[in-house]
Every structure is written in C-alpha cells, then in structure tokens.
Amino acid sequence: MIVNLHRLGPPLVVICWMVAMLLNAQDLPEGDGKAITKRMCSSCHPLTTVTGKKASKDQWGIIVDRMVVLGAKGTDEEVEIVIDYLAANFGPKK
Ligand code: HEC
C-alpha cells in the first residue's frame, strides 16, 4: 500500500508538536516534596532547569539556598523537604 505523505503530513506535525508539549510539561517524579518543589522552583525558570541537574544532597543544599537568596519562597521546613526530594530523585549519577 502506498502511503500518501501529503495527506499524512499535517497530522504528523500536530502529533509531534503534542508530544513535544507533553515532554516539555514533563512532570516531576512522585514523592513527598513534589508539590512544594513545583511551586517553589518553577516560577523563575522551567522545572527542566531543576530536573536536568544531578547533584549530591550537599550540592542541592547549596543550590536551593542560592535560589532562596534569589527569591524562592518557602519555609525552612519546605526548603528541607525540597532538598531531600531533589537529592533522592536527582542525586549524582551512579
Ligand atoms: C526567584 C527566582 C528563582 C527561583 C524561585 C528558583 N530559581 Fe533556580 N535559578 C534562578 C536564576 C536567576 C538562575 C541562574 C543563575 C544562577 O545559577 O545562580 C537559576 C538557576 C538554577 C539552576 C542551574 C544552576 C546550577 O547551579 O546548576 C538550578 C539547578 C536551579 N536554579 C534550581 C532551582 C531549584 C531547585 C529551585 C527551587 C528550590 C529554584 N531553582 C528556584 C532563579 C530562581
């Protein structure tokens, strides 16, 4: 069977675009700090800035402290939860 690319073209583009949007809206892994991390860390840059990073707990502590200095809003307790969550899910590559 011959597939008519001209007829398939536009829907394919739409599908690719939708997949790209979904990947872009990539959700955080499930966990205790998910909602807080989403709220605290997605206002200035996309969450992909966060999820693209791999760091140890100490390093995440330094980064999150720096973000708080920059203006990230959260209580001390929330900051702790976020650091634990990030270290657990975006720890150094093994
Ligand atoms: C008030 C705005 C703001 C908020 C809120 C914020 N950030 Fe950032 N973030 C920045 C800016 C500005 C940069 C780039 C400058 C820099 O790296 O210091 C950045 C860069 C980063 C980077 C890349 C730099 C690096 O060292 O790898 C990471 C990772 C990051 N942020 C994580 C976070 C996390 C985690 C949170 C939530 C706790 C967060 N950000 C919340 C402003 C913010």
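Sequence order sets the numbering: in each chain, residues are counted from 1 along the sequence as written. Owing to the predicted nature of the model, reporting of local features is limited to residues with pLDDT of at least 70; listing and counting of side-chain atom pairs is limited to 80 or more, with chain, interface and lining totals taken over all residues.

1. Side note on the environment of K57
Part 1 of the reasoning: Within the secondary structure, K57 is located in helix α4 (residues 57-70).
Part 2 of the reasoning: Separated by 26 residues in sequence, K57 and I83 have C-alpha atoms that sit 6.7 Å apart.
Part 3 of the reasoning: When residues no more than four places from it in sequence are discounted, the contact partners of K57 are I83 and A87. Every helix listed is a DSSP run of H or I at least four residues long, and every strand listed is a run of E at least two residues long, numbered separately from the N terminus. Residues are treated as contacting if the C-beta atoms built from their backbones sit within 7 Å of each other.

2. Digging into the packing of helix α2 (residues 34-41) against helix α5 (residues 76-89)
Part 1 of the reasoning: Angles shown run from 0 to 180 degrees and are taken between the N-to-C directions of axes, each axis being a line fitted to C-alpha atoms and, for helices, limited to the stretch in contact. Contact geometry for α2 and α5: axes closest at 9 Å, N-to-C directions at 105°. With respect to each other, α2 and α5 are oriented roughly perpendicular. Of α5, the residues touching α2 (which contributes K34, I36, T37 and M40) are E78, I81, V82, Y85 and L86. Working rule for angles: under 35 degrees goes down as roughly parallel, over 145 as roughly antiparallel, 65 to 115 as roughly perpendicular, anything else as oblique.

3. A few points about the nonpolar core
Part 1 of the reasoning: Buried Ala, Val, Leu, Ile, Met, Phe, Trp, Tyr and Cys residues whose C-beta atoms connect them within 7 Å together make up a nonpolar core. With C-beta atoms placed from the backbone, a residue is labelled by how many other C-beta atoms lie within 10 Å of its own: buried for 20 or more, exposed for 12 or fewer, partly exposed between the two. Among the nonpolar cores identified, the biggest contains eleven residues, and these are M40, C41, V50, W60, V64, V79, I81, V82, I83, Y85 and L86.
Part 2 of the reasoning: If you list the elements that add at least two residues to this core, you get α2, α4 and α5.
Part 3 of the reasoning: For this core, the leading source of residues is α5, giving six residues.
Part 4 of the reasoning: Look past the residues within four positions of I83 in its chain and what remains in contact with it is K57, W60, G61 and V64.

4. Points about the site of the ligand
Part 1 of the reasoning: Here, nearness is defined through the C-beta atom: a residue counts as near a molecule or strand if that backbone-placed atom lies within 6 Å of it. Near the ligand, the surroundings consist of 17 residues, among which C41, C44, M67, G71 and A72 are the closest.
Part 2 of the reasoning: The greatest single-element share of the shell around the ligand, amounting to five residues, is contributed by α4.
Part 3 of the reasoning: In the scheme used here, Gly and all other residues not listed as nonpolar or charged are polar, with Ala, Val, Leu, Ile, Met, Phe, Trp, Tyr, Cys and Pro taken as nonpolar and Asp, Glu, Lys and Arg as charged. A breakdown of the residues in the shell around the ligand according to their chemical character gives eleven nonpolar, four polar and two charged.

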